[in-house]
Amino acid sequence: IVDDVLEKPELLVNFAIENSSRFEWWSVPPGPRLIVGDNVLQNLHRFIRSKLSRQFPIHRTGIELRACLSNITLAPEQLSHYQRMCHRDRAETATQRYYAGLIYLFQNPDLGGTAFYRWKKQDVMEEAERLHNIDPAAAVKYLDGALEIFRQPPQYMTGSNDLAELLTVVPAQFNRLVFYDGASPHSGYIAHPELLTDDLSKGRLTLNFFSTAHAR
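As the structure is a computational prediction, the values presented were derived from the model and not from experiment. (Residues numbered from 1 in each chain as written. Predicted model: local features only at pLDDT ≥ 70, side-chain atom pairs only at ≥ 80, totals over all residues. Heavy atoms only, no water.)

Asker: Help me understand the overall build of the chain in this model?
Answerer: The number of helices and strands found in the chain is 4 helices and 9 strands. Going from the N terminus to the C terminus, the chain shows its helices and strands as α-β-β-α-β-β-β-α-α-β-β-β-β. In terms of overall dimensions, the chain is globule-like: its C-alpha atoms have a radius of gyration of 17 Å, near the 17 Å expected for 216 residues. Principal-axis analysis of the C-alpha atoms gives the chain an extent of 50 × 40 × 30 Å. For the chain, the residues scored as buried account for 45% of the 216 residues in total. Contacts in the chain between residues at least 24 apart in sequence constitute 83% of all its contacts with a sequence separation of at least 6. If you sum the accessible surface of the chain, you get close to 11,300 Å²; carbon and sulfur atoms cover 49% of it. Side chains of the chain carry 23 positive and 25 negative charges; the gap between the two charge centres is 7 Å. (Helix = DSSP H or I, 4+ residues; strand = E, 2+ residues; numbered from the N terminus. Rg over C-alpha atoms; globule rule 2.2 N^0.38 Å. Buried < 20%, exposed > 50% of the residue type's maximum accessible area, 1.4 Å probe, protein only. Contact = heavy atoms within 4.5 Å. Areas by Shrake-Rupley, 256 points an atom, 1.4 Å probe, with all protein chains shown as cover. Lys, Arg positive; Asp, Glu negative; His and termini not counted. Charge placed at Lys NZ, Arg CZ, Asp CG, Glu CD.)

So, in C-alpha cells, the structure goes:
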C-alpha cells in the first residue's frame, strides 16, 4: 500500500472525465473501462521496477504492464454470477508471477476499498473456470448447485461465505495504490452500492493495472 502515489492525480481524473464517452463495457468487471496508453504506463512501470520489485520476488527486467481506468456502476440485481464472487487474476507458474494493482481516484471512501480472501472451496472455483471455457451456461448451472450464495439475493461480496473467507479490507483513500499477487482471491468491497454512479466526477473511478514478471 502506497499513499499519495501520483504527483498530480487530478490530471488523471480530468482525463477520465474528458474521455467518458470512450469508456467501454467489458464482460467481467461490473462497469465500463478505458485502456490507457504509454504516457500513463511509463511512470507506473518505472515505479514497479525500481520500488516494488524490491518487496516482491520478481526480477526488475522483463516486467510487462497493461492498465485501464475503471468505474464500477452496476446495481446488485444486475450482477452476473462472476461479479458476485471474489476472483483471482491468474495463478503463478514456476517462472512467471502475475501481479495486479489499482489506484483509487475518488474522494468518498464509502464507495469502497478492496477485499482479500482465502478460498474455502477452491476446487469449486477451478471447476467453474474449466466449465466456463467450454460452456458458460454450464458453469452458471454448476455454481447454482455448488454454492449457497447463489440461492440468495444478488449482492456484491463483502464478507465470508461458503466460497471464501474474508481476510482483510484495504480502505479506499484518494491517490492510494494497492499492489498485490494476482493469484490471491480479491474483489472490490462495495458495501454501499447505492452510491455507485456513472458520473466519473463522483463515481468509483480507479486506475487498474496488471503486471507479468519473471520469478526471482
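Asker: Got a minute to help me understand the sheet that holds strand β8 (residues 186–188) in this structure?
Answerer: Through backbone hydrogen bonds, the strands of a sheet pair up, either in parallel or in antiparallel fashion. Read across the sheet, 3 strands follow the order β6-β5-β8 without closing on themselves; strand pairing throughout is antiparallel. Where the open sheet ends on each side, the last strands, each with one partner, are β6 (164–170) and β8. Along the sheet, successive strands turn relative to each other by an average axial angle of 30 degrees, direction set aside. (Pairing = 2+ DSSP bridges. Axes fitted to C-alpha atoms, helices over the stretch in contact; angles between N-to-C directions.)

Asker: What should I look at first to understand the state of the cysteines in this one?
Answerer: Covalently bonding the sulfur atom of one cysteine to the sulfur atom of another cysteine gives a disulfide. Per the stated rule, a full pass over the model turns up 0 disulfides. In this model Cys86 remains outside any disulfide bridge; the closest cysteine sulfur is found in Cys68, 20 Å from its own. Residue Cys86 is classed as buried on the basis of its relative accessible area of 1%. (Disulfide = S-S within 2.5 Å.)

Asker: When you look at the side chain of Thr212 in this model, what are you seeing that I'm missing?
Answerer: Locating Thr212 in the fold gives a position in strand β9 (residues 204–214). Under the relative-accessibility criterion, Thr212 is labelled buried at 15%. If sequence neighbours within four positions are ignored, Thr212 has contacts with Gly62, Ile63, Glu64, Gln96, Arg97 and Tyr98.

Asker: Just checking my understanding: could you explain the pairing of strand β7 (residues 177–181) for this structure?
Answerer: Side-chain direction in a regular strand flips from residue to residue, so the side chains alternate between the two faces of the sheet. Counting buried residues in β7 gives 4 out of 5 residues, a clear majority hidden from the surface. Of the pairings in the sheet, the one linking strand β4 (residues 96–104) to β7 comprises 5 bridges and is antiparallel in character. Bridging from a neighbouring strand, Gly101 pairs with Phe179 of β7.

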